[in-house]
Amino acid sequence: MLALLLTLAPLPLSAESPATLEPSGPWGVDGVAGLCLLARSYDTPNGRLTIGFEPVPTQDEMEILLKYPALGTDYFRTGRATMTLYPDNVPVSARYTSVLAEHGVRTLRFTVSRSVYDKMPEATALSISAGKNFRLALKNPTGAVAALQKCETLLLQHWGIDPVAMAAARTPPRIADVRKWFTPATYPKDARAARISGRVVSVLSVNAQGMVEDCRVVVHSYPSLDRTTCAVVMQHRQIRPALDGAGQPVASWLILPVRWQNFGF
């Protein structure tokens, strides 16, 4: 996922070994915010912790959200984290941002390889090391992931995309480095002045030559953030086309999420 952020020094990882938290309720899938989110809650001595998994069709990365009660004065930070699924036991590196709200809830937003999501059906637990360590029992992730995949299919249909036609492209279209497209210089002046942040999700129609023929916003934010997202895309336009099972270029779609983060740069 894309985030426009100032780069801060990574935080050292804690060496404490956490106890495994057991879930306090069932898995839930929510598509109200525009993308499908699979979430579950856990009770801790300090209050409720919630984890959410938010994959994006056609993207190699996904977001994982972690919310829990916290105190402190470091209201915003970024860093590197490590995630490990068990019994696979292979650490995966992740970028994260951490925001502490006034009501004492810290939200960590991780950007991690989609391989974490792909391996979830067989997983029994997930550990996260990001300054503070967590280990969460997953319990029946197979059914939860199936429900999330159903949500994704319905979401694509709602956006006017045929999931079967999209699946025919074994390799989705690719932007070599989307972070070079969206920089502080592209931030809309009105949104920057008002310190407005937001996430915009657009659907790009890409032909077999890798030319973006259309960009339309399907998850809206602030008006100028919406407009600028597609304006930047159409300014560049040429990307790598999708490939079918034989390795031949084909027309397809790319779902592009852009998280505009304004911290006064």
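Residues numbered from 1 in each chain as written. Predicted model: local features only at pLDDT ≥ 70, side-chain atom pairs only at ≥ 80, totals over all residues. Heavy atoms only, no water.

### A closer look at the overall build of the protein
Phase 1 of the analysis: Counting its secondary structure elements, the protein contains 5 helices and 15 strands.
Phase 2 of the analysis: What you see for the protein is a C-alpha radius of gyration of 19 Å, in line with the 18 Å of a compact globule of 265 residues.
Phase 3 of the analysis: Along the first, second and third principal axes, the C-alpha set of the protein runs to 55 × 45 × 30 Å.
Phase 4 of the analysis: Within the protein, the proportion of its 265 residues that are buried is 47%.
Phase 5 of the analysis: Long-range pairs, those at least 24 residues apart, make up 66% of the contacts in the protein between residues at least 6 apart in sequence.
Phase 6 of the analysis: Total accessible area on the protein stands at roughly 12700 Å², and carbon and sulfur atoms take up 55% of it. (Helix = DSSP H or I, 4+ residues; strand = E, 2+ residues; numbered from the N terminus. Rg over C-alpha atoms; globule rule 2.2 N^0.38 Å. Buried < 20%, exposed > 50% of the residue type's maximum accessible area, 1.4 Å probe, protein only. Contact = heavy atoms within 4.5 Å. Areas by Shrake-Rupley, 256 points an atom, 1.4 Å probe, with all protein chains shown as cover.)

### A short note on the state of the cysteines
Phase 1 of the analysis: Summed over all chains, the structure comprises 2 disulfides.
Phase 2 of the analysis: Here cysteine 36 engages in a disulfide with cysteine 151; their sulfurs sit 2.0 Å apart. One quick way to see it: the torsion about the S-S bond of cysteine 36 and cysteine 151 is about -85°, and its sign makes the bridge left-handed. Of this pair, cysteine 36 sits in the loop between strand S2 (28-30) and strand S3 (37-44) while cysteine 151 is found in helix H2 (residues 141-158), placing the two residues 115 residues apart along the sequence. Cysteine 151 matches cysteine 36 in its accessibility class, with the two residues each being buried.
Phase 3 of the analysis: Here the disulfide map of the protein reads 1-2, 3-4, the bonded cysteines being numbered as they appear in the sequence. (Disulfide = S-S within 2.5 Å.)

### A few points about helix H5 (residues 223-236)
Phase 1 of the analysis: The end-to-end C-alpha distance of H5 is 21 Å, a good match for the 20 Å that 14 residues give at a rise of 1.5 Å each.
Phase 2 of the analysis: Along H5, the positions that sit buried rather than exposed are Ser224, Leu225, Asp226, Thr228, Thr229, Cys230, Val232 and Val233.
Phase 3 of the analysis: Where H5 is buried, its residues meet helix H4 (189-193), strand S11 (198-206), strand S12 (212-219) and strand S15 (252-260).
Phase 4 of the analysis: Phi turns positive one or two residues past the end of H5, at arginine 237, with a value near 70°. (Expected span 1.5 Å × (residues − 1).)

### Section: the pattern of salt bridges
Phase 1 of the analysis: What the rule picks out here adds up to 13 salt bridges.
Phase 2 of the analysis: In this structure, arginine 77 engages aspartate 74 in a salt bridge whose closest nitrogen and oxygen atoms are separated by 2.2 Å.
Phase 3 of the analysis: A relative accessible area of 13% places arginine 77 in the buried class.
Phase 4 of the analysis: Here the salt bridges share partners, and the residues they tie into one network are Glu61, Arg95 and Arg179. (Salt bridge = Lys/Arg side-chain N within 4 Å of Asp/Glu carboxyl O.)

### Digging into the side chain of glutamate 152
Phase 1 of the analysis: In this structure, glutamate 152 sits in helix H2.
Phase 2 of the analysis: Leave out the neighbours within four places in its chain, and glutamate 152 touches Cys36, Pro55, Val56, Pro57, Arg114 and Tyr117.

### Quick look at empty space enclosed by the protein
Phase 1 of the analysis: Using the criterion set out here, one finds 1 cavity of 30 Å³ or more in the structure.
Phase 2 of the analysis: Approximately 60 Å³ is the volume attributed to the largest cavity.
Phase 3 of the analysis: If you go around the largest cavity, the residues you meet are Met83, Thr84, Leu85, Asp88, Val90, Val92, Ser115, Val116, Lys119 and Leu126.
Phase 4 of the analysis: Within the lining of the largest cavity, the residues separate by chemical class into 6 nonpolar, 2 polar and 2 charged. (1 Å grid on protein atoms, 1.4 Å probe; cavity = no way out; pocket = protein on both sides within 12 Å on 5 of 7 lines; lining within 4 Å. Points joined across faces, edges and corners; volume = space filled by probe spheres on them. Nonpolar A, V, L, I, M, F, W, Y, C, P; charged D, E, K, R; others polar.)

### Remarks on the side chain of asparagine 207
Phase 1 of the analysis: Its place among the elements puts asparagine 207 in the loop between S11 and S12.
Phase 2 of the analysis: A distance of 2.9 Å separates a polar atom in the side chain of asparagine 207 from the backbone nitrogen of methionine 211.
Phase 3 of the analysis: A polar contact is formed between the side chain of asparagine 207 and the side chain of glutamate 213, at a distance of 3.1 Å.
Phase 4 of the analysis: The residues touching asparagine 207, leaving out its near neighbours within four places in the chain, are Glu213, Pro241, Val250 and Ala251. (Polar contact = N/O pair within 3.5 Å; in protein donor to acceptor, adjacent residues only side chain to side chain.)

### Notes on the packing of aromatic side chains
Phase 1 of the analysis: Enumeration over the complete set of coordinates arrives at 5 aromatic pairs.
Phase 2 of the analysis: Where tyrosine 96 meets phenylalanine 110, the ring centres are 5.8 Å apart and the plane angle is 50°; that geometry is what we call tilted. Taken together, the residues tyrosine 96 in strand S7 (residues 90-100) and phenylalanine 110 in strand S8 (residues 105-113) connect sequence positions 14 residues apart.
Phase 3 of the analysis: Relative accessible area serves as the criterion here: at 2%, tyrosine 96 is assigned to the buried category.
Phase 4 of the analysis: You can call phenylalanine 110 buried: its relative accessible area is 0%.
Phase 5 of the analysis: Taken together, a centroid distance of 5.2 Å and an interplanar angle of 75° make the contact between tyrosine 187 and tryptophan 260 edge-to-face. Remark: tryptophan 260 occurs in strand S15 and tyrosine 187 occurs in the loop between helix H3 (163-167) and H4; sequence separation between them is 73 residues.
Phase 6 of the analysis: Grouped by ring-pair contacts, the aromatic residues Phe182, Tyr187 and Trp260 constitute a single cluster.
Phase 7 of the analysis: Between arginine 135 and the ring centre of tyrosine 86, over which it is positioned, the NZ or CZ distance is 4.1 Å. (Phe/Tyr/Trp six-rings, centres within 6.5 Å; stacked < 30°, edge-to-face > 60°. Lys NZ or Arg CZ within 6 Å of the ring centre and 35° of its normal.)

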